[in-house]
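# Structure assessment
For reference, the chains in residue letters:
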Amino acid sequence: MFLLTLILVPLVAGVLLSLLGNDKLPSQRIALIVSIAVFIASLGLLGNFGLDQSTTLNWIPALNIHFSLAADGLSKLMIVLTTLLVPFIIATGNSQNKNNHVLYGLILMMQTGLLGVFTASDGFLFYVFWELALIPIYFIAAFWSKDQNRINITLKFFIYTIFGSLFMLVAIIYLGLKGDSFSIEAIYATGKALPAATQSWVFWCLFIAFAIKMPIFPFHTWQPNTYVASSTQGTMLLSGIMLKMGIYGCMRWLLPVVPLGVKEWQTLVIVLCVIGIVYTSLIAMVQTDIKRMTAYSSIAHVGLIAAGIFAQTPEGMMGASLQMLAHGINVVALFYIVALIARRTGTRTMADLGGIAQQAPKFATLFMVVMLGTIALPLTNGFVGEFLLLSAVFSFSGVAMAFAGLTIIFGAIYMINAYRAVMYGELNPISSKFTDLTTAELMVLAPLATLVIVLGVYPSPVIHLVEPALKGLLGV
Amino acid sequence: MNNLIVLIPLLPLLGFIINGIGNKKLSNGVISTIASGAIFGSFVISVVLFFTLRHSFEQAPIVVHLFNWIDFGNFHVPMAFQLDALSSLMLLIITGVGFLIHIFSTGYMSHETDFARYFAYLNLFCFSMLMLVLANNFLVMFIGWEGVGLCSYLLIGFWFTNKEYTAAARKAFVMNRIGDLAFIGALFMMYQNFGSLEYEQVFKVARTFSVDSHTMTIITVLLFIGATGKSAQIPLYTWLPDAMAGPTPVSALIHAATMVTAGIFMIVRSHVLFNLAPWTMDLIAVVGVLTAIVAAAIAITQNDIKKVLAYSTVSQLGFMFLALGLGAYSAAMFHVMTHAFFKALLFLGSGSVIHACSGNQDIRTMGGLKKHMPITHATFLVGCLAIAGIPFFSGFFSKDEILAFAFDQQPILWIVAAITAGLTAFYMFRLYFLTFRGTFRGTHEQEYHLHESPVSMTVPLIILAILASLAGFLGLPHVMGHNILEHFLSVNGNVLNLSSGAEVALMVVSVSIATIGIFIAYYLYVKRSMVPEADATPKAMTYRWSQNKFYVDELYDYLILKPIHFISKIMYSGIELLGIDALVNGSGNMVTGTGNTIKYLQYGKTSYYLFAMIIFIVVILFSLFI
């Protein structure tokens, strides 16, 4: 029951907080304490403490649907990624927002949705959690943002992703009914036994949902607008954790389900990913808004992860796992950095800023570390993952790797340009409003930056955590 | 004993951490003591290890395994170091010259407010460079390889309020990364073909491949492209002259003595692969000699003291690549070493000059510094004699060895290299005469400020001058005695098949060429007291081309940068906004049948209806099953 409790605690806390709370309550602090407790508890899964790793309850016996959860190495990585980032995301918020109790309640509810997605071992349950995670994020992104177009934009995001996941639902129902069980083992068995032509369309039904979520080119156009228009916390939840649902979905609910379908469409998917990497990197280079630039850079990074997965090699799967963790940490830190700049100076236009490094040395150092992680310098968390992913793409095709590898160059260009525009040069009246980090801000950014280095120097624990699980998924 | 190896990179890393965190709280004295002490510690350990272990290098390299960095399935990359003849030579150069430059910096940077940041970066650089040479596999080498690039970026842009400097830093980093992409490609090919990235395993399997096989050619070409980025060779050399934006001691350490020689080190390290790829070797020789002559042809018309030295560095690196291409690995390393001494000396000397001239770098407004700065003058002259190849200064031996190999294998290469050597003598003595001889051409105010530099700066100059004079005796040509360095390195390359008579004749020729170069410089700038004209005066076309660096930067701008920017713009405003996104919105409209959803959505309420609808559908779907 440990796993079940871990997943349900945030939901219960979240519901209580939003229903019973009011503006006088220190909601942010309460949510922070809950999320830190959940994080500490989740670490219990990593050690050998005899805690149960799976739970199965009867749910809808008529259709053989179970409420079953299980955590192998990959799931544990995703759990820790989620429970680690949520406290940071909560801490970055404003403690004086109106209706804060609803906001933080929603964030906790969403955490349950995310944890459910990463542990569900029943197809139908997976779908339920998948949608459960979406509803809170819609409200978080739309209603705690100050952007004028937030309603239109977040609604487009909502409709678009729902549209994708309905296809997934069709595929899951089909597989579940056909095999008379929705359990993951049954779905694997049913899927594998399907003739190639059937696997092909099942592949597309599942893939569309995951591709929109990540997003993969050309299903990505909701993403930059949504990231830019959302509240900072919404953007962090979306980019840091939620997009990993798509990646995780591919690894757990696509590759092993329809191997023939994957084989059939592998080339097309990798080509789309590689086009996306180059295309979004180029677009990132001409952005003037640092938040939008970060959004496009995220698409490029995710494109490489997807390409690595579809290369279907041990290096690709390992690279994807490491990179999900690294990307989560880096992108949350980056969006926090963007938010700090916007809050202090009132602008996100890079050309209006400059010279902040002399004003705020601590901020400059931590921004630099995060930037190095993002451009995957060796000994930062971004490197090992990116290296393994590129090596997987290489083993698929040298030409594909040559193009995907351009991210090494373009990524350096747009990140260094952004850093240079914001941090270097002379101070101007706008940028001189920037003061160095407060202790509270330092408490968020410094641990994230530390993780950038630690995971880059010593990724072994993560590698050993996920290795056995990945073997299973690749069918090795 | 062997575990002491770990301390060599670790000490500068600790120095970086202490100075990086201590920053504003520490006094300048403490900061420089920590930084210089750290690198001095590494130097002492390097020397001790060299003397105790040098005989065991012949049997097998000494490997120290720290931990498994990446380890799963068939993919094993340990964090491990390897000490052998090649890496110990590099260790001595890096820590020795590095220490002297740290000392020099305490004087040179003493007026700087950001003293701690400077020394932290300098230590971080030493750490990265030491990782690079100590690695026992290609991926750990890549840590150092990218790390030195980062430090170079940080130090070129050290004065970051200046946008031009940070642009130069960016250019250096990006050009390095272009090379790095090729380098990574080579690593993937090695992993695929040899099943490992560890030197020993890679070379063992590689030896089973036939000469000139496609695999070997592609791997070596990719590695070489990586080297052109790091070591500033055609076509990726244009960042190095711009890198002079950094503080001068940085130019001496990173952009002359150590980092830029990483490409040469890497090729010597993987010589087993290159020996199997004759086609690549020819390519390297040609690129090397072309870079040498092009850079020399630019150097002869530059008026910025550091720019002359920068192009000279590019040109000398070209000589080293020529040596590599000829299979003269030991000669290349010999030149790496002597060049580290004399070019660090020249850069530090120029730093001393710039320090005296309050930041002025234009040699047209210098002159007559000899009487104001006797030590700087004398040591700079030693550097000039060494690089020009005057017997028995160090450059004479190392350059002549390369020229002898060229003559032996491909006389055309020898002719080009010999002409380059003549140009080198000319531009170095042009620089020397314009700076130190004649009379001072600046203002009285400036002249009043001229002074010899403090002891912290002159002592490193003197030590480097001694090294630049004597280091050549480690690699005597066969007619004169024993080549200690070649014997020590014992890298398996080509051997020289020249008779003693031919060797002596070649020396006479190259010394004559150098003397002619010096004489022309003397005639123009001392005898006729010529001073290069102001930039605006019209000049002959060839002169203009040289002075404008053959317009290569402009060419890259028009052929690469502008088109990429243009394409990016088109992609964003054309394809992304008007294409894909419009298509998505359009299909959305078709599905909802409103024809113009966006318009409706702008009426707040509609969006809520739509949202409610979706929620409703989801609930229905759920309830159907529950």
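Note that the coordinates shown come from a computational prediction; the quantities given were computed from them, not determined experimentally. (Residues numbered from 1 in each chain as written. Chains lettered and ligands numbered in written order. Predicted model: local features only at pLDDT ≥ 70, side-chain atom pairs only at ≥ 80, totals over all residues. Heavy atoms only, no water.)

The next point concerns the overall build of chain A. Of regular secondary structure, chain A possesses 20 helices and two strands. In summary, chain A has a C-alpha radius of gyration of 21 Å against a globular reference of 23 Å for 476 residues, a match within 12%. If one aligns the C-alpha atoms of chain A with their principal axes, the spans along those axes are about 65 × 55 × 45 Å. The buried share among the 476 residues of chain A stands at 70%. Contacts spanning at least 24 positions in sequence make up 83% of the contacts within chain A whose residues lie at least 6 apart. Summing over all exposed atoms, chain A offers an accessible surface of approximately 14400 Å²; the carbon and sulfur share of this is 66%. One way to put it: in chain A the 22 positive side-chain charges average out to a point 7 Å from where the 17 negative ones average out. (Helix = DSSP H or I, 4+ residues; strand = E, 2+ residues; numbered from the N terminus. Rg over C-alpha atoms; globule rule 2.2 N^0.38 Å. Buried < 20%, exposed > 50% of the residue type's maximum accessible area, 1.4 Å probe, protein only. Contact = heavy atoms within 4.5 Å. Areas by Shrake-Rupley, 256 points an atom, 1.4 Å probe, with all protein chains shown as cover. Lys, Arg positive; Asp, Glu negative; His and termini not counted. Charge placed at Lys NZ, Arg CZ, Asp CG, Glu CD.)

The next subject is the domain arrangement of chain A. All names here are of chain A. For chain A, the assigned domains are domain 1 (1–257) and domain 2 (268–476). Inter-centroid distance (C-alpha atoms) of domain 1 to domain 2 is 22 Å. Contact residues are listed per partner, giving 45 residues for domain 1 and 46 residues for domain 2. Joining domain 1 to domain 2, the criterion identifies zero salt bridges. Remark: the boundary between domain 1 and domain 2 carries seven residue pairs in polar contact (both at pLDDT 80 or more). Looking at the side of domain 1 that touches domain 2, the elements with two or more residues in it are α3 (73–91), α8 (196–213), α9 (222–229) and α10 (232–253). Here the side of domain 1 that touches domain 2 gets 12 residues from one element, more than from any other, and that element is α10. Among the residues making up the side of domain 1 that touches domain 2, the classes are represented as 31 nonpolar, 10 polar and four charged. (Domains from an automatic or database assignment. Salt bridge = Lys/Arg side-chain N within 4 Å of Asp/Glu carboxyl O. Polar contact = N/O pair within 3.5 Å; in protein donor to acceptor, adjacent residues only side chain to side chain. Nonpolar A, V, L, I, M, F, W, Y, C, P; charged D, E, K, R; others polar.)

At the junction of the two partners, chain B supplies 62 residues and chain A supplies 83 residues. The tally of links between chain B and chain A comes to zero salt bridges. Scanning the region where chain B abuts chain A turns up 15 residue pairs in polar contact (both at pLDDT 80 or more). Taken together, the elements giving at least two residues each to the side of chain B that touches chain A come down to β1 (62–72), β2 (75–83), α5 (138–156), α6 (163–194), α24 (552–592) and α26 (604–625) of chain B.

Let us look at the side chain of Ser321 of chain A. Residue and element names in this part refer to chain A. Along the chain, Ser321 falls in helix α13 (residues 314–345). Classification of Ser321 as buried rests on a relative accessible area of 0%. Excluding its chain neighbours within four sequence positions, the residues that come into contact with Ser321 are Leu74, Leu77, Met251, Val466 and Leu470.

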